Amino acid sequence: MHADLSRRKFIQTGIGLFFVLNAPESPYIITVNGRIPVSEMGTTLIHEHFLVDFIGADKINYSRWNRQEVVTKVLPYLLEAKKHGVKTMFDCTPAFLGRDVFLLKMLAKESGLQIVTNTGYYGAADNKYLPKSAFTETAEQIAGRWIKEFKKGIENTTVKPGFIKISVNPENLSALHQKIVRAAAITHLQTGLTICSHTGIAIPAFEEINLLKKMNVHPSAFVWTHAQNEQDIKLHVKAATSGAWISLDGIGWGNIEKYADTINNLASAGMLNKILISHDAGWYKPGEKQGGSFKGYTNIFEELIPLLNKKGFTDNDIQQLLIKNPAEAFAVRVRKL
Ligand SMILES: [Zn+2]
């Protein structure tokens, strides 16, 4: 009897342990300070910048800015966003345009915000921000570099990217930009990182979605970045219906009424759960006196949300846009067709 009980107890404990070891991992994102469950993301701005240097891939280097000076400039704007409830911010500045993970760590520490950085290359602006190797390497070789950042960390740090940021010209995809999209697809399939592509109009957006599909990547792993540049808003609905994320992300630059209408159009088509919003604001500009002019990260809270409320959007809808959708879009996992 006694032995039987303890045996049963042992079996029960064993079963419990089995479930703990095999429990599905809860969804997470990767910040510059490591993984956090998506439930801790809170209000999230998915496309912002802290520093951008347009000098070009051949000339950029870390001596072009003083990190402490950048922190002094940027921090008040981060604290202002925080006052509006922001907990997490995605830095969309890619490598060769001023991505600086040492700076991002400092900003995260000083502000208390959760900051996410990226891997990938920026092809737009006619390839001015591509490293030389991008022109000659294969998609597999380029992806290999990005996957290495995901596995080993960026530039000998422990900081890992939380998404892939690429960019293409606003026209039919060139062979070079197709290669960059293919590199993003390979990287996604190996890492589960979401692909944000600076795209703008619909022509390259649908080419990207189709290319990703050919490579077995589901459109839900793709964020159509700067989708507000497409004037035919039916095409937003079409892309969203395929599963892609529609990123309306220039809200720091005005046109708030138009953003509200664009969001309304998607919401009326039942696609509120496919919209991402952000400011594309900032940023410290190396080479300009004290980093030059700076756009804050507050238009969404001070202008857009009041306008959406007037149009009948509820607090739940706003949470969908700023909390639920970012969590769903950026939770790290492979999305195959
Ligand atoms: Zn941007």
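The structure under discussion appears in the preceding block.
Here is a short report on the structure shown in this document. Every residue gets a number counted from 1 within its own chain, in the order that chain's sequence is written. Confidence filtering applies because this is a predicted model: local features only for residues at pLDDT of at least 70, side-chain atom pairs given and counted only at 80 or more, and all residues used for totals across whole chains, interfaces and linings. Only hydrogens and water are set aside; all other atoms, that is, all heavy atoms of the structure, feed into the side-chain values.

1. Topic: the pairing of strand β8 (residues 195-198)
Next, step 1: Throughout this description, buried means an accessible area under 20% of the type-specific maximum (1.4 Å probe, protein chains only), exposed means over 50%, and partly exposed covers the range between. We count a stretch as a helix when DSSP gives it H or I for four or more residues in a row; a strand needs E for two or more, and each element gets its number in order from the N terminus. Both faces of β8 are covered, namely the face carrying I195 and S197 and the face carrying C196 and H198.
Next, step 2: Pairing of strand β7 (residues 163-167) with β8 involves 4 bridges; the strand directions are parallel. Counterpart to I164 in the pairing with β8 is I195.
Next, step 3: Sheet topology note: the β8/strand β9 (residues 222-225) ladder contains 4 bridges and is parallel. The residue bridging I195 from the neighbouring strand is F222, located in β9.
Next, step 4: This β-α-β element, β8 to helix α7 (residues 202-214) to β9, shows right-handed connectivity. We treat two strands as partners when DSSP finds at least two bridges between them. When the strands point away from the viewer, a crossover counts as right-handed if the route from the first strand across the helix to the second turns clockwise.

2. Notes on helix α3 (residues 101-111)
Next, step 1: Regarding α3, the residues found buried are V101, L103, L104, L107, A108 and S111. Buried residues along α3 cover an arc of 150° about the axis, so they all sit on one side.
Next, step 2: In this structure, the buried residues of α3 make contact with α2 (67-83), β4 (86-91) and β5 (114-116).
Next, step 3: Whenever two N or O atoms come within 3.5 Å, that pair is a polar contact, provided that in protein one can donate a hydrogen and the other can accept it, and provided that, for residues adjacent in sequence, both atoms are side-chain atoms. The N-capping residue of α3, defined by a side-chain oxygen 3.1 Å from the backbone nitrogen of F102, is D100.
Next, step 4: A positive backbone phi angle near 80° is found at G112, which sits one or two residues after α3. This arc describes the spread of directions from the helix axis toward the C-beta atoms. A contact between two residues is defined here by any heavy atoms of the two lying within 4.5 Å.

3. Comments concerning the pairing of β9
Next, step 1: Here β9 shows no split at all, with F222 and W224 on one side and V223 and T225 on the other all buried.
Next, step 2: For the handedness criterion, the β-α-β arrangement of β9, helix α8 (residues 234-242) and strand β10 (residues 245-248) is classed as right-handed.

4. Observations regarding the packing of aromatic side chains
Next, step 1: Aromatic contacts are taken between Phe, Tyr and Trp rings whose centres are within 6.5 Å, Trp giving its six-membered ring; a plane angle under 30 degrees counts as stacked, one over 60 as edge-to-face, and the others as tilted. Tallied over the full model, the rule gives 15 aromatic pairs.
Next, step 2: Among the aromatic residues, those joined into a cluster by ring pairs are F54, Y122, Y129, W253 and W283.
Next, step 3: In this scheme, Lys NZ or Arg CZ marks a charge over a ring once it lies within 6 Å of the ring centre and within 35 degrees of the ring normal. The ring of Y62 carries R67 above its face, with NZ or CZ at 4.9 Å from the centroid.
Next, step 4: Positioned above the aromatic ring of W245 is the side chain of K274, whose terminal nitrogen or guanidinium carbon lies 3.9 Å from the ring centre.

5. Brief notes about the layout of surface pockets
Next, step 1: One number sums up the size of the largest pocket: a volume of about 340 Å³.
Next, step 2: Around the largest pocket sit 17 residues that line it, and A95, F96, R99, E149 and E155 are the ones nearest its centre.
Next, step 3: Broken down by element, the lining of the largest pocket gets its largest block of residues, 3 residues, from helix α5 (residues 139-152).
Next, step 4: Gly is placed with the polar residues, together with every amino acid not listed as nonpolar (Ala, Val, Leu, Ile, Met, Phe, Trp, Tyr, Cys and Pro) or charged (Asp, Glu, Lys and Arg). A per-class count over the lining of the largest pocket returns 8 nonpolar, 5 polar and 4 charged.
Next, step 5: A cavity here means a set of 1 Å grid points, computed over protein atoms only, where a 1.4 Å probe fits but cannot escape. A pocket is an open set with protein on both sides within 12 Å along at least 5 of 7 lines, and lining residues have an atom within 4 Å of a point. Grid points are joined across faces, edges and corners, and a volume is the space filled by probe spheres set on the points. Of the voids in this model, the second largest pocket is the one considered here, and its volume is about 280 Å³.
Next, step 6: Residue lining of the second largest pocket: 21 residues in total, with H49, H198, H226, D280 and W283 positioned closest to the centre.

6. Regarding the coordination of the zinc ion
Next, step 1: Metal-coordinating donors are taken as N, O and S atoms lying within 2.8 Å of the metal, or within 3.2 Å when the metal is Na, K or Ca; because water is left out, some sites can appear incomplete. Taken together, the protein ligands of the zinc ion are H47 (NE2), H49 (NE2) and D280 (OD), with distances of 2.1 to 2.3 Å.
Next, step 2: Each donor residue of the zinc ion belongs to the same chain, and together they define the spacing H-x1-H-x230-D. Residue H49 is located in the loop between β3 (43-48) and α2, and its partner D280 is located in the loop between β11 (275-277) and α10 (299-310); the two are separated by 231 residues in the primary sequence.
Next, step 3: Classification of H49 as buried rests on a relative accessible area of 7%.

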